[in-house]
Protein chains: 4
Amino acid sequence: MSNKASVAVVGASGYAGEELVRLLLSHPQAHLTAVTSRQYAGQTVAQVFPRFAHRAGAASLKFIEINPELLAKQAEVVFLALPHGVASQFAAPLLQAGCRVIDLSADFRLKDASVYKEFYGHDHSAPELLSRAVYGLPEIYREAIREALLVACPGCYPTSIVLPLAPLLQTRLIKPASIIANSLSGITGAGRKVEVDYLFAECNESMRPYGVPKHRHLSEIEQELSRAAGESVIIEFTPHLVPVNRGILTTLYVAPAEHFDDVVSMERVAKQIERAYQSAYGNEPFVRLLDGKALPDTKNVAGTNFIEIAWRLDSRTGRLLVMSAEDNLLKGTSGQAIQCFNLICGFDEIAGLI
Amino acid sequence: MSNKASVAVVGASGYAGEELVRLLLSHPQAHLTAVTSRQYAGQTVAQVFPRFAHRAGAASLKFIEINPELLAKQAEVVFLALPHGVASQFAAPLLQAGCRVIDLSADFRLKDASVYKEFYGHDHSAPELLSRAVYGLPEIYREAIREALLVACPGCYPTSIVLPLAPLLQTRLIKPASIIANSLSGITGAGRKVEVDYLFAECNESMRPYGVPKHRHLSEIEQELSRAAGESVIIEFTPHLVPVNRGILTTLYVAPAEHFDDVVSMERVAKQIERAYQSAYGNEPFVRLLDGKALPDTKNVAGTNFIEIAWRLDSRTGRLLVMSAEDNLLKGTSGQAIQCFNLICGFDEIAGLI
Amino acid sequence: MSNKASVAVVGASGYAGEELVRLLLSHPQAHLTAVTSRQYAGQTVAQVFPRFAHRAGAASLKFIEINPELLAKQAEVVFLALPHGVASQFAAPLLQAGCRVIDLSADFRLKDASVYKEFYGHDHSAPELLSRAVYGLPEIYREAIREALLVACPGCYPTSIVLPLAPLLQTRLIKPASIIANSLSGITGAGRKVEVDYLFAECNESMRPYGVPKHRHLSEIEQELSRAAGESVIIEFTPHLVPVNRGILTTLYVAPAEHFDDVVSMERVAKQIERAYQSAYGNEPFVRLLDGKALPDTKNVAGTNFIEIAWRLDSRTGRLLVMSAEDNLLKGTSGQAIQCFNLICGFDEIAGLI
Amino acid sequence: MSNKASVAVVGASGYAGEELVRLLLSHPQAHLTAVTSRQYAGQTVAQVFPRFAHRAGAASLKFIEINPELLAKQAEVVFLALPHGVASQFAAPLLQAGCRVIDLSADFRLKDASVYKEFYGHDHSAPELLSRAVYGLPEIYREAIREALLVACPGCYPTSIVLPLAPLLQTRLIKPASIIANSLSGITGAGRKVEVDYLFAECNESMRPYGVPKHRHLSEIEQELSRAAGESVIIEFTPHLVPVNRGILTTLYVAPAEHFDDVVSMERVAKQIERAYQSAYGNEPFVRLLDGKALPDTKNVAGTNFIEIAWRLDSRTGRLLVMSAEDNLLKGTSGQAIQCFNLICGFDEIAGLI
């Protein structure tokens, strides 16, 4: 591609879509040519999102209704920020019309249509595309993403769990069956859903688990952990809602493959873990491996595309704790989508994200 | 005792002390005769805590400096809401002077002075009192509390972990070595500490773990779980700070003692758990066992002395999840202290708490 | 009436209705016999409001559909917590059936049906009742409320504005045309409305004015200020939304009737104001006149039926500032309704509220 | 100057200093060569501010102690982010050493040392510099700032008040004596002060006025309004604390100079106001004049250097309401300082700010 790509965002009225629009309006190599939303059709981006009103183009770009043929003429790359089950209906016509598609929904994340049905409760509407989609986690699938016509961006929880665990599973440093993932999410994680549960006074001064024990994201988390482990992995996963706008904080409990019971063996295990992380992420632009006493804090990554990772061996229990923090709308969703966009277009991977 | 008890609160300037004062001012059978605070000495309760200004006595009761002899003349029961390490210096003289003492600090929770030293970093200043103190968890030590001269009220995290697990350990339904406790706390849990970490803008829009992997509260949690299990128990415990004023939400991951791998065995395990909880807490005035689809939510217990408990068997992993929610300043601290006070005085256990 | 009254709450699914239910369940002289809600019909109070599950009656009392005849048999006093325009349809049949009615909507607050139409945009459905309704502000209409068959409880903003200003207008200490009221409200003030504007992430980290320059509550504010002043009063009123659950903080700017330009005249004006407030509210059970350096803070009244009032003369501008703080759901709505209920029934005015 | 300037930040441990460091690390034409902080001396920027750890230079740049001579060798422009009263001690040596100085404190904002003493309670330590300082409000003093050796950046409240009012005063469209300013501030406005009042649990769920009726910022607000009006202006100003991290929302009440009492006269006044704003700010890069039904909302400017302004004529009272929203740490402090820096250096005014 040239050094600038024309792009469209389909379904730009939710939080993920809004964040995409924000990132694309300030991306030095993106030219946002179309945004769609049934609800906002006819209004300008500046009117719907006053906080971007100053961005070049925001005052003139108007929301339109979805029209795949039209979009294909306007954009080389199309981002789909539609609800699960809806995105899959638009991917095929857009691909056929020659667009490259970056999908933010769950529709193309799973390789197996029967797993999709098990977790999402209905048949997949375009199962033939599943094998063509590349899972959009650049730290793991960077080369495949570069060539992908269809990218399935990971969910926010999966990113916060798969990135910290993949290096440990690939190097067989932990026992896959031991994995427990406890996640806390800010309220934008629920999307801009107009439901009582997400009203201010229902969330503020509240902390609560939900979706236990079988949250939908388990399907893609386990798919990716299994791939990293080279064997089938089943994990425990418990999401919680916490009254912040943005952020996911995940605490992972795992059993190291090698037992340690004294200072020497503990140090050996620690070195292996340190090496695994350095080797996997030492040069990654958006992974921040914390050292010293630092622990992840969502306020240190909010508004950025970074994920923070720290770990501790517990000499009392023999377990390994791994903790991660990310912004659910950036590294967890739209920032990661831009990372994929940069790869697809042959741009610097950090363009528009630093 | 008569149907009204004179009481004093020592160290009433922190959040726990403030909450105690609030509860005692409206308690139908308590007569608050003294409150101490070096910082506020000379000011009235109404001036220091404007929100209680309307309570009878708030306008006339003045903060004084600590004076054990004087307190012993004014109060039959003395609450100590002092920092760890300070409380133990005042308990002995107060007991000697004939008061009954309810301590909210960690000073008398541990039976073993060497464990105290391991976790708190200094020698215990009154180790001879440790064996005389009763752990103030009414659901477990009700009868002993009635007779106690010295009550050591549990910490907020321990209450949220020990109450959900004790019935399962006592009935040997779970494997003690499997226990993992993930807790979220509101910011008042840190006390009214004037440190950068607890400033509004450092906590708001932040989620973070801290004190891993060896938080001080582990000492009393493990002591009490070991007692319930009849064997030594070591657990994993990870506390997190979340931007709410009040509440603790704990998610527990444990392995059932009996393996289940089909509907029948799962149902059998479920019934045993249900029975254990009903038997332990079916008649408890402040334990709310949730049924149906309900999950704990701190907003449903904030401002009350209740703890909510719910559990789920995960058929995919074979684990048991138990979740609890409490108000860290009420069931987690001062409300529980009042429960103990009621027991000590022979009052209705719920007096002043409903 | 006897020393216990049977009561019903109609429309108990909003925040005001929920708060009423909470207060009535713990009121020593109320017997809650019926609660209605189309949405929750068939469920128990304990199921819908888990936080009250421990209250006597909460587990057995079921929500029903509205049926005035049936309600009249079950309750001596009926609270209407319905939307504006709906309440007025149920008042007449309930009154006819012999109930006393306490309405929390705006439907009976105005004396003039044409003002109602001007501000609410449609004709009043029961104008004949307007003259029979008593405005439920006990500090001003105490005696009339005792005898009222129909009480129109004030809005939350009006309470926070009328109470601080009425004594000054009655004593002619301020110029009516100078009044400017700036109010900040917590998000429950909008009710449990399922609209995008009240989602957590739209309110959190946001401060915004709304409804300027002609908010509906102006109609009753000006009616009551005019009554106090003995002349027609028009004021400036600007409400703002602020990310807290509860509370209204009002800052009032007024010109004293008497000019002051030196220490002596300023002191004279100050004494008159002090006297007016002491005379009006010195013995009021729920008005807290702050002295010394104290200024109102909503956290000091949240969860209580109190209103805090403080004032300052500004020697530089010659203006008087008056500030008030209240809990919008208690003194601003449901707590005040209970105060009226106590008056109607001849109970102690503070019953169930302290 | 060249197309890149070397800069230093003195006192970089508070919120304003932190924000400056963030902006300068990503500024395309700034080269941050030194940051000072007694508290953090010896640590790197990446360690102290983990959220900037990825910025070029953050890992190597270490905090040092203040040393004016050394700083003068390292930086062409020095930002002072020190407490009031401290900044003035460092300006003179830095200026003498040839640096240009941008001060964020209140020390050089006032032209009159006696007004400084009246409001700040002590003599000014470098009164001879007051006449040399330029008030750093680019929309008003752009040309003077370009040439300034010493810039005194405005306070956060003054910016939110002076910008909306200056065009109206300059065109004599409003009566100066009528001005009332009601401001709401996020908690970072208090700085990173470790005091009880700013602890999370003291601010969360709280709304409160403070500093009435004579806040220190009045001195510079009135100085600048007087300059705009061409006559001495005294205003009413009431700040409030609200539980958000960032933002100032100001609501202004003023009397138009021309009376309006019908549709025609009101429209005429409206047109004059519209013209005054368009003429003053129509081309300003950081002033967003809202149109249609839009009202300012701090969430739309948080994280940006924009100020939103909207206004309404109230036909009922004859008053004009003007509302503004800004990020207190950006347009209110550090963003504005960067705007001044760009002017001083001859860079594009928006460099590093969009």
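Predicted model, so just to flag it, every value in this text is computed and none were measured.

Moving on to the overall build of chain A. The helix and strand tally for chain A stands at 11 helices and 14 strands. For 354 residues, the compact-globule estimate of 2.2 N^0.38 gives 20 Å, and chain A sits close to it at 20 Å. With respect to the three principal axes, the spread of C-alpha positions in chain A is 65 × 45 × 40 Å. The contacts in chain A between residues at least 6 apart in sequence include a share of 67% that link residues at least 24 apart. As presented, chain A carries roughly 12100 Å² of accessible surface, and 49% of it is formed by carbon and sulfur atoms. Across chain A, the mean location of the 33 positive side-chain charges is 3 Å away from that of the 37 negative side-chain charges.

Glancing now at the interface of chain B and chain A. Listed by partner, the interface residues are 51 residues for chain B and 51 residues for chain A. Buried surface at the junction of chain B and chain A, summed over both partners, amounts to about 4100 Å²; 58% is from carbon and sulfur atoms. Three residues stand out in chain B for area buried against chain A, namely E205(B), M207(B) and R316(B), and they jointly supply 21% of the buried area on that side. For the interface between chain B and chain A, the tally reads 4 salt bridges. For E236(B), the salt bridge goes to R319(A), with nearest N and O atoms at 3.2 Å. Counting every contact that joins chain B to chain A gives 23 residue pairs in polar contact (both at pLDDT 80 or more). Broken down by element, the residue count for the side of chain B that touches chain A peaks at 5 residues, all from strand β8 (residues 180–185) of chain B. Of the residues that constitute the side of chain B that touches chain A, the class distribution is 26 nonpolar, 12 polar and 13 charged.

On to the packing of aromatic side chains, then. All names here are of chain C. Inspection of every chain in the model, using the stated rule, returns 44 aromatic pairs over all chains. Geometrically, the ring pair formed by F49 and F63 is edge-to-face, given 6.0 Å between the ring centres and 70° between the ring planes. Highlighted residues: F49 in the loop between α2 (45–48) and β3 (63–64) and F63 in strand β3, separated in sequence by 14 residues. F63 matches F49 in its accessibility class, with the two residues each being buried.

Glancing now at the pattern of salt bridges. Residue and element names in this part refer to chain C. Enumeration according to the criterion identifies 76 salt bridges over all chains in this entry. Here R142 ties to E349 by a salt bridge, and the two come within 2.8 Å at their closest N and O atoms. Pair noted here: R142 is in helix α6 (residues 138–147) and E349 is in the segment after α11 (330–345), with a separation of 207 residues, a long-range link. Assigned by exposure class, R142 and E349 land together as buried. Between R246 and D327 there is a salt bridge, and its shortest N-O distance comes to 2.8 Å.

As a further point, take the relation of the copies chain B and chain A. With an axial shift of 0.0 Å and an RMSD of 0.0 Å, the rotation relating chain B to chain A amounts to 180°. The superposition operator between the copies reduces to a two-fold rotation axis. A share of 100% of interface residues in chain B that are also interface residues in chain A marks the association as one of identical surfaces.

This brings us to the packing of helix α6 (residues 138–147) of chain A against helix α11 (residues 330–345) of chain A. The relative placement of two packed helices is expressed as an angle between their axes plus a distance between the axes. Residues and elements named next belong to chain A. α11 packs onto α6 with a crossing angle of 40° between their chain directions and a minimal axis gap of 9 Å. The two elements α6 and α11 meet at a crossing, and its hand is right-handed. Residues P138, E139, R142, I145 and R146 of α6 form the contact with α11, whose participating residues are K331, Q336, Q339, C340, L343 and I344. A per-class count over the contact of α6 with α11 returns 5 nonpolar, 2 polar and 4 charged.

Within a beta sheet, neighbouring strands are joined by backbone hydrogen bonds and run either parallel or antiparallel to one another. All names here are of chain C. Read across the sheet, 7 strands follow the order β3-β2-β1-β4-β5-β7-β6 without closing on themselves; strand pairing throughout is parallel. The outermost strands of the open sheet, each flanked by one partner alone, are β3 and β6 (134–135). Where strand β5 (residues 100–103) meets strand β7 (residues 150–152), 3 bridges bridge the pair, whose relative direction is parallel. What sits directly across from D103, in β7, is A152.

Okay, the relation of the copies chain C and chain B next. Here chain C sits on chain B after a turn of 180° about the axis and a move of 0.0 Å along it, with an RMSD of 0.0 Å. Taken as a fraction of all interface residues of chain C, those also at the interface in chain B reach 100%, which identifies the copy contact as same-surface.

This brings us to the environment of R227(A). Residue and element names in this part refer to chain A. Among the structural elements, R227 can be located in helix α9 (residues 218–229). Taking C-alpha positions, R227 is 24 Å from G211, a pair spaced 16 residues apart along the chain. Ignoring any residue separated from it by four or fewer positions in sequence, one finds R227 in contact with I140, Y141 and Q170.

With that settled, the discussion passes to the sheet that holds strand β6 (residues 134–135) of chain A. Residue and element names in this part refer to chain A. Strand order across the open sheet formed by 7 strands is β3-β2-β1-β4-β5-β7-β6, with parallel pairing between neighbours. The outermost strands of the open sheet, each flanked by one partner alone, are β3 (63–64) and β6. As paired strands, strand β1 (residues 5–10) and strand β2 (residues 30–36) are joined by 6 bridges and run parallel to one another. In the sheet register, V7 faces β2, and the bridge partner there is L32.

So, on to the interface of chain C and chain B. Between chain C and chain B, the contact holds 13 residues from the first and 13 residues from the second. Of the roughly 1200 Å² buried between chain C and chain B on both sides combined, carbon and sulfur atoms contribute 52%. Interface area lost by chain C to chain B is led by R51(C), H54(C) and N300(C), which between them contribute 39%. If you look at where chain C meets chain B, you find 0 salt bridges. Taken together, chain C and chain B are joined by 6 residue pairs in polar contact (both at pLDDT 80 or more). Across the side of chain C that touches chain B, the residue classes break down as 4 nonpolar, 3 polar and 6 charged.

Let's shift gears to helix α4 (residues 87–96) of chain C. All names here are of chain C. Along α4, the residues classified as buried are A87, S88, F90, A91, L94 and L95. Take α4 and look down its axis: the buried residues cluster within an arc of 155°, on one side only. Check the buried side of α4 and you find it contacts α3 (68–74), β4 (77–80), β5 and β7. Of the residues flanking the end of α4, it is G98, one or two places downstream, whose phi is positive at about 100°.

So, on to the state of the cysteines. Counted according to the given criterion, the structure contains 0 disulfides over all chains. Cysteine C203(A) is unpaired, with the sulfur of C203(C) as its nearest cysteine sulfur at 10 Å.

One can find N182(A) in strand β8 (residues 180–185). For the pair N182(A) and I350(A), spaced 168 residues apart in sequence, the C-alpha to C-alpha distance is 29 Å. In contact with N182(A), other than residues within four places in its own chain, are T238(A), H240(A), L249(A), T250(A), T251(A), Y253(A), N182(B), T251(B) and Y253(B). In this structure the side chain of N182(A) is engaged in a polar contact, spanning 3.5 Å, whose partner is the side chain of N182(B).

Right, let's get into the environment of L169(D). All names here are of chain D. With respect to the element layout, L169 can be found in helix α7 (residues 156–170). Sequence-wise, L169 and K117 are 52 residues apart; in three dimensions their C-alpha atoms are separated by 27 Å. Not counting the four nearest positions on each side in its chain, L169 is found in contact with I174, P176, I179, L225, A228 and A229.

Once that is clear, we can look at the side chain of Q339(D). Residues and elements named next belong to chain D. With respect to the element layout, Q339 can be found in helix α11 (residues 330–345). For Q339, a relative accessible area of 0% gives the class buried. A distance of 2.8 Å separates the side chain of Q339 from the side chain of E349, its partner in a polar contact. With residues near it in sequence (within four places) discarded, Q339 still touches P138, E139, F286, N305, K331, E349 and L353.

Rules of the game
Residues numbered from 1 in each chain as written. Chains lettered and ligands numbered in written order. Predicted model: local features only at pLDDT ≥ 70, side-chain atom pairs only at ≥ 80, totals over all residues. Heavy atoms only, no water. Helix = DSSP H or I, 4+ residues; strand = E, 2+ residues; numbered from the N terminus. Rg over C-alpha atoms; globule rule 2.2 N^0.38 Å. Contact = heavy atoms within 4.5 Å. Areas by Shrake-Rupley, 256 points an atom, 1.4 Å probe, with all protein chains shown as cover. Lys, Arg positive; Asp, Glu negative; His and termini not counted. Charge placed at Lys NZ, Arg CZ, Asp CG, Glu CD. Buried area = accessible area lost by both parts, 1.4 Å probe. Salt bridge = Lys/Arg side-chain N within 4 Å of Asp/Glu carboxyl O. Polar contact = N/O pair within 3.5 Å; in protein donor to acceptor, adjacent residues only side chain to side chain. Nonpolar A, V, L, I, M, F, W, Y, C, P; charged D, E, K, R; others polar. Phe/Tyr/Trp six-rings, centres within 6.5 Å; stacked < 30°, edge-to-face > 60°. Buried < 20%, exposed > 50% of the residue type's maximum accessible area, 1.4 Å probe, protein only. Least-squares fit on C-alpha atoms with pLDDT ≥ 70 in both. Axes fitted to C-alpha atoms, helices over the stretch in contact; angles between N-to-C directions. Left-handed = near helix turned anticlockwise from the far one by under 90°. Pairing = 2+ DSSP bridges. Arc of directions from axis to C-beta. Disulfide = S-S within 2.5 Å.

Geometry only, nothing functional implied.
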